[in-house]
Amino acid sequence: MSVREVLTFPNPVNDYAARTTAGLVVVLAVIAVAVDNPTLYGILALGFALRVASGPTLSPFGQLSVKFIVPKVVRKEKLVPGPPKRFAQTIGLVVSGTAFVLSLFGFGLAAQITTGVLILAATLESVFGFCLGCTIFGFLQRAGIIPESVCEACNNISLRNPAAAA
């Protein structure tokens, strides 16, 4: 597998795998807030960085979701466009990276509050299937800030699921 193949975000994405990964993020983020240690905030940020770079390919949580939890426990597939999910992971990287930096500089309470925002967003994704980052992506696309060409599947339902095109 080439570096280019490894550093490719999937499109489409199995929504159940994304939701499962978000659930794992909630668990780690709650632990990070409880322990309030820069190392845990750093691990949280690293996970987001790996998912932004390659989706589940390099991410331990992504691999756990895609290769074990979803196939063995959830056993469902619901394909959704990849670009909004990548955008959401990027927001998660910014938020968790901010918490990590705040923690490094001794601003533990600020890091905890920042991570609380992440917990809220990841819980919405995991429990209710509401992706806040995807919603923001859609708003930015409708406003013309993100070109429609970035995510044609977002506007064309037949591109989301190959079976729908048949």
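What you see is a predicted model; the values in this text were computed from it and never measured.

So, on to the packing of helix α5 (residues 82-104) against helix α7 (residues 132-142). At their nearest, the axes of α5 and α7 sit 8 Å apart, and the two run at 115 degrees to each other. Judged on the interaxial angle alone, α7 and α5 are roughly perpendicular. As α5 packs across α7, the resulting crossing turns out to be right-handed. Judged by residue contacts, Pro-83, Pro-84, Lys-85, Phe-87, Ala-88 and Ile-91 of α5 engage Gly-133, Cys-134, Ile-136, Phe-137 and Leu-140 from α7. The class makeup of the residues in the contact of α5 with α7 is 9 nonpolar, 1 polar and 1 charged.

This next bit is on the nonpolar core. Counting residues in hydrophobic clusters, the biggest one holds 16 residues, and the most contacted among them are Val-25, Tyr-41, Leu-44, Phe-48, Leu-118 and Ala-122. Contributing elements (two or more residues each) for this core: α2 (15-35), α3 (38-54), α5 and α6 (108-128). At 6 residues, the largest contribution of residues to this core is made by α2. When near neighbours in sequence (up to four residues on either side) are disregarded, Val-25 contacts Leu-44, Phe-48, Arg-51, Phe-61 and Ala-122. Residues Phe-137, Ile-146, Cys-151 and Cys-154 belong to the second largest nonpolar core, which totals 5 residues.

Reading the values: rules and limits
Residues numbered from 1 in each chain as written. Predicted model: local features only at pLDDT ≥ 70, side-chain atom pairs only at ≥ 80, totals over all residues. Heavy atoms only, no water. Axes fitted to C-alpha atoms, helices over the stretch in contact; angles between N-to-C directions. Helix = DSSP H or I, 4+ residues; strand = E, 2+ residues; numbered from the N terminus. Parallel < 35°, antiparallel > 145°, perpendicular 65-115°, else oblique. Left-handed = near helix turned anticlockwise from the far one by under 90°. Contact = heavy atoms within 4.5 Å. Nonpolar A, V, L, I, M, F, W, Y, C, P; charged D, E, K, R; others polar. Core = buried A, V, L, I, M, F, W, Y, C linked by side-chain atoms within 4.5 Å. Buried < 20%, exposed > 50% of the residue type's maximum accessible area, 1.4 Å probe, protein only.

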